[in-house]
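These are the residues of each chain, in order.
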Amino acid sequence: MPHRRTGPLVRMVVILMAGLLLIAGCAPARNATSPAPEASDNEPVAGGRLVVGAIADAKVLNPVLSSDVPSAEVWGRVYESLIKVDPQTGAPTPRLAERYEVAPDGQRLTFWLRPGVTWSDGTPFTGDDVKATAEAVMRSKKTVRKSIFQDIVGARAYGEGKASTIEGISVQDNVVTIRLEKAFCPAITEIGLFGMIPRHVFGKYMDGQDASKNIDEAEENNAPTVGTGPFIFSEWRPNDRIIMKKNERFAFGGPYLDEWVYKVHPDTTTLAAALKTGEIDAARVEPKDVEGLQQSDHLAYFSYLAPGYTYIAWNQLRGGKEFFQNANIRRALAHGLDTQAVIDSVLLGQGQKVYAHTPPVSWAYERSALVEYPYDPARARQMIEAEGWKPGADGIYEKDGQRLAFTMYTNSGNKIRETLLQVATEQYRQIGVEVTPRTEAFEALNERVGKSKDAVYGERGGHDYDAAILGWSQGVDPDAYGVWHSSQIRSGQNQVGYQNEVVDRAVETGRTSCAREDRLAAYKAFNTQLSQDQPYNFGFAVNTLLFVNKKFQGVAPGPFPNVQNGYLWNVEQWWVKP
Amino acid sequence: MAVNNPLHGAPESVPLHLRGGAGQVVRFPVARVQGRAPEIRDRRPSVVAQLRRSPLTVVAVSVLLTLGLLGLAADWLSASVFGVGPTEQNLRAAYARPDLANPALWLGADELGRSQIVRLLYAARISLAVGLGAAAVNLTVGVLLGLAAGYYRGPVDDALQWLASTFRSVPSLFLLLLVAVLFQPGPWVLVCVLGLISWPGTALFVRGQTLSLREREFVNAARATGASDWRLMRRHLLPNLLPLVVTLAAIDVGAMILTESSLSFLGLGIMPPTASWGNMLTNAVGALGRAPWLVWGPGTLIFVTVLSLYLLGDAVRDAIDPRLGAPRRP
Amino acid sequence: MTRFILRRLIQAVLTLFGITILTFTLVRLAPGDPVSLMVAGTAEMTAADLAAVRVAYGVDEPIPQQYLRWLGRMLSGDLGQSLLYKRPVAQMIGATLPNTLQLSGLALLVALLVGVPLGTLAALRRGSVVDQAIRILSVAGHAIPPFWLGLLFVLTFAVQLRFFPVGGMLTIGAHDWDLGDRLAHLVGPVLTLSLAGIANYTRYLRTEVLDVLAQDYVRTARAKGLHARTVALAHVLRNALLPVITALGGILATLVSGSLVVEHVFAWPGMGRLTFEAARAKDYPVIMGVVVLTSALLLLSYLIRDVVYGVVDPRVSRT
């Protein structure tokens, strides 16, 4: 057989492929190049770019319409709020308002606006913008934020088109006075922390008389044209990146950085990889990524407790599972779960046990009166047997023909919750309680726990689940009405059907008597009762784990991110050390 | 390098093309009929004998059999050899390194301290079962409908054609994704849905083969003796379709295993704590920083299994079609 | 021929309708509700407010009515607004479609450029070691789970060796027309995506070439004394490539649906990821938009392929 040379076609292809690889290989992975700032020791220097990584893209860049954290993180750089909070203590600090006052009866808020603040196009920021924001919310059909403004006098009427302006907000020079229909202590933080949108941009979508006109379809919702924040919007490539540029007219000092980019990654593994290679400068990560990233010399590590917690909800309005209505059984279940072991091995130590609703970092938190339930399987069994249950043939407790068995749900995709579910299943089996674990998509679980009806207690507000592992993320204000008041069983977030007079009164007082001592006392009573009653197994709070490239100075994260600020609350003060 | 055509007999029919869902074009020739009349012996060795000759195929088959047996014996193995079950947690042993001293830790442990090797065994069972189940659904529906359409022709055929082309116009993987995300189906529903995605291809192919087979002399002869339709299909057509169906099956099972593992990778498909290679791989990827060795087990097993299945399918196909295999001396 | 095309066209349109109805029903029937997702965890909303939001998003009406409303808008060119992103669906698809096309198109090109020669080579050297090696490699290419391969690529070449970037389309700060940077970002996903294609075409070409080689006219040409290589290239390739070209029509659609898994692993902002996210959030306008586009393209590609094939091979047009 004569020797055949490789055909010309094959040769061509090989050369082409080699060429391609050569070109590609010669363009090495570039890190964000930015003009090197001038050297000087601790004086902030201008210049540089910050690339922040996240695993979800922002959805809409307008505080009126946004309902998710990524959106808030982005529009938080563009739209400032009347006040901010200290990241460590949660105490209010001035921003657009240099001073504020809450009347003793809790029904009037007054804000003195800081003079000289302008939008990025030079238009002055005035009280009229505050009013415009409230009006935009009340007339919007798609917002989920109405509860923040609806107690303002005249807000509802305006929303329904019965008035052409909100009566309760009056603007006099740089003083904005807001009158509320009833005392509502959280109002100051809720209204104070709400991003303010410009009248001169969004006003054209609204009409005083015509209630059908609103800002819902405005294109500035996705491409803000002006802002009061340190950065202004430049470009948005969906699911890829959002680019923001320095606002030269920023009124609060700085920013030093030229550019801020929000980059989206599909999951935490690629996010951690991008941090490692320096493609992104800052990101929050999960406990499992910490060890690997700590080995990178160029990354600074921050770990702090954030307000919020993961818990197991016991549905007390569930047909067939009436044992959840027995507080002793719930307490036994608390003793039966080794939460610390979960924190140690699943969270790798990055968390803290929680005993009631108010987060440990809040000013309203008081540890002394809270009941702890240390892991004690023997005690758990004792308590269950004291209620008349006897172990059956398979080791699971039985009473009057009923087994101590139930289904526990959590949402798929959240590793921490999935793991807690599996741990709980195992540990409860060892105290004679049979748990059937189930994971569902968050959407489906949400529906099950919040909307669908239990066969027996549906009318009273019972939902279609036995137990579920869920989480709350909390804000600055300790108000807990929506989650724990008995009126919220049918239509609110009281998903376990918990009803207790002490708790009801405490949360009512907490939101209407606004003096600090009154609220402290109310929340103390509230938390004490919850920790005694265990309507949830109050599990644990997870630390926020942050890595930031060491070259950035001025990074000072704390537990009190408002949703829109997070660790970027002072990004205007960040600068790149050369 | 003469092309061999050692068989005498009926001229070859036009080869028909099978169009898979991804634009993949796979070519299958018409089956050879064996033993048509007693005097004319087929000189080509049987399919099994040919398979036995190729070392690669032997290896592939042994791998598959071993995995299958291991999966079936998972319960016994976990009880007697390893001492732990697939869902038993041991938080103290989280991310344990592989340790030859302790059988349960031969391949290390995952984030809950569960034995990786035991989970791989049980996962073998699940992944293989899902693959086989889905392929079974696919083939059953495809063969039955294709056979019926090819045999009866006319309106039955037209109906099948229309049904198949409608199904194929649906972006199938897309719908699979939608269904998986929206409904989060359990393993049985998943098997059915997976199986129903590719039946049109199978059906059309079987139809084509049936169309040509039914014109064969042996079929006409049988019909002349008064055999019923059913008998014809069962005793004459099906056995001749069998080798090709086996090829399809092998490739199908492989493809289904890959699809299931992709789904699990995206967080759909088989849900934990039930172990499947796909979701074990997802888990391992998440734990890369802490326990990089976890990635190799499930990934390699998926690869090896699917590779063996594809090699087997290829080998069977080559054994049937003389043009595709190695040249033989006339 | 015109009647054939017309008939197929009508069939296609009807099928498209059927697909949209099927998808719409699926999406609306599944548990979960886009509005409750948005509301989850936020401060209390009154029942009246919630109802108003539902109306605003159009999820309050019965399903058939919602479908008709969507259909009406779609026929007049309006694909609606995404529930999640509150921006036009057409805009979102328009932003991600080119990215997916880029990726899939290049993967297809690579698959052809590598697969065709490899397959031909294997066929010409049938039975040799080269043939065996190519065949095994092509089977292996099919058998590797693409997400695994992609991950290994990212971890080895991007994280460990830093040859390539971790993901995305362009480095932050790089100019849009920086071809070197773009190529660097394309290598990983294109290689991963094209592997199955390479395997396919290798096997397919091998079969086709072998088939053609067996044909009489090749033997005739050989017998006439033409040089083996001329025979191979001139006759074999031309005839073997014909079905490839007709098969290309069917690939048009897969270009659009792309590969979700590869996009996921490489953080490629394409339509696969868009769809996945939309499915998770029950963002039905986006889902419907993507379905319409993909199905239409799929049907179109089948039509083109059948027409071309019918023209080329008259035996087939009657089936």
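These numbers were taken from a predicted model, which means no experiment stands behind them.

Asks: Just checking my understanding: could you explain the sheet that holds strand β16 (residues 397-399) of chain A for this structure?
Replies: Backbone hydrogen bonds are what pair the strands of a sheet, in a parallel or an antiparallel way. Residue and element names in this part refer to chain A. The 3 strands lie next to each other as β15-β16-β17, forming an open sheet whose pairing is antiparallel. In this open sheet, the two edge strands, each paired with only one partner strand, are β15 (390-391) and β17 (402-403). Here 2 bridges tie β15 to β16, and the two strands are oriented antiparallel to one another. Bridged to K390 within β16 is E398.

Asks: So what exactly am I meant to see when it comes to the pattern of salt bridges here?
Replies: One side chain can pair with another of opposite charge once the charged atoms of both are near each other. Residues and elements named next belong to chain A. One pass over the structure, following the stated rule, counts 35 salt bridges over all chains. With a closest N to O distance of 3.0 Å, E80 and R95 form a salt bridge. Taken together, the residues span a long stretch of sequence, with E80 in the loop between α2 (69-75) and β2 (83-85) and R95 in the loop between β3 (92-94) and β4 (97-102) at a distance of 15 residues. The pair E80 / R95 is uniform in exposure class, with both members buried. Across the pair D479 and R511 runs a salt bridge, and its minimum N-O distance is 3.1 Å. With a gap of 32 residues between them, D479 in the loop between β20 (467-473) and α15 (481-484) and R511 in helix α17 (residues 501-512) connect regions that are remote in the sequence. Accessibility classification places D479 together with R511 in one group, the buried group. Taken together, the salt bridges that share partners define one network made up of R318, R448, D454, D464 and D466.

Asks: I would appreciate a short explanation of the interface of chain B and chain A in the present structure.
Replies: When the parts come together, some accessible area is lost, and that loss is often what is quoted as the size of the interface. The partner chain A presents 20 residues to the 19 residues of chain B that form the contact. At the boundary of chain B with chain A, total buried surface from both sides reaches about 1,700 Å², with 55% on carbon and sulfur atoms. Summed over the three residues of chain B that lose the most area to chain A, namely Q89(B), L91(B) and R290(B), the buried surface amounts to 31% of that side. Our count for the chain B to chain A interface comes out at 0 salt bridges. On the surface where chain B and chain A come into contact, there are 1 residue pair in polar contact (both at pLDDT 80 or more). Residues of the side of chain B that touches chain A, tallied by class, amount to 10 nonpolar, 5 polar and 4 charged.

Asks: What exactly am I supposed to notice about the nonpolar core here?
Replies: Nonpolar side chains tend to gather and get buried jointly when the protein is soluble and globular. Counting residues in each nonpolar core, the largest one holds 211 residues, and the members touching the most others are L50(A), F149(A), I152(A), I178(A), W260(A) and W574(A). Counting residues per element, this core draws most heavily on helix α10 (residues 229-265) of chain B, at 13 residues. Excluding residues within four positions of it along the chain, I152(A) makes contact with I166(A), G168(A), I169(A), I178(A), R179(A), L180(A), E181(A) and I191(A). Grouped together as the second largest cluster of nonpolar side chains are 35 residues, A380(A), I384(A), M408(A) and V433(A) included.

Asks: Just to check I follow, could you spell out the state of the cysteines for this structure?
Replies: Between two cysteines, a covalent bond joining their sulfur atoms is known as a disulfide. Residues and elements named next belong to chain A. Applying the stated criterion across every chain, the model contains 1 disulfide over all chains. Through a disulfide, C185 is tied to C514; the S-S separation comes to 2.2 Å. What sets the handedness of the C185 and C514 disulfide is the S-S torsion sign, and at about -95 degrees it is left-handed. Here the residue C185 occupies a position in the loop between β7 (175-179) and α6 (187-192), and C514 occupies one in the loop between α17 and α18 (516-533), the gap between them amounting to 329 residues. Take C514: its relative accessible area is 24%, and that puts it in the partly exposed class.

Asks: Would you take a moment to explain the pairing of β7(A) for this structure?
Replies: Residues in a regular strand project their side chains so that they alternate between the two faces of the sheet. All names here are of chain A. Within β7, 4 of the 5 residues are buried, leaving the element largely enclosed by the surrounding structure. Examined bridge by bridge, strand β6 (residues 169-172) and β7 share 4 bridges and lie antiparallel to one another. Directly across from S170, in β7, lies its bridge partner T177. Joining the antiparallel neighbours β6 and β7 is a turn of 2 residues, in which D173 adopts a positive phi near 55 degrees.

Conventions used here
- Residues numbered from 1 in each chain as written.
- Chains lettered and ligands numbered in written order.
- Predicted model: local features only at pLDDT ≥ 70, side-chain atom pairs only at ≥ 80, totals over all residues.
- Heavy atoms only, no water.
- Pairing = 2+ DSSP bridges.
- Helix = DSSP H or I, 4+ residues; strand = E, 2+ residues; numbered from the N terminus.
- Salt bridge = Lys/Arg side-chain N within 4 Å of Asp/Glu carboxyl O.
- Buried < 20%, exposed > 50% of the residue type's maximum accessible area, 1.4 Å probe, protein only.
- Contact = heavy atoms within 4.5 Å.
- Buried area = accessible area lost by both parts, 1.4 Å probe.
- Polar contact = N/O pair within 3.5 Å; in protein donor to acceptor, adjacent residues only side chain to side chain.
- Nonpolar A, V, L, I, M, F, W, Y, C, P; charged D, E, K, R; others polar.
- Core = buried A, V, L, I, M, F, W, Y, C linked by side-chain atoms within 4.5 Å.
- Disulfide = S-S within 2.5 Å.

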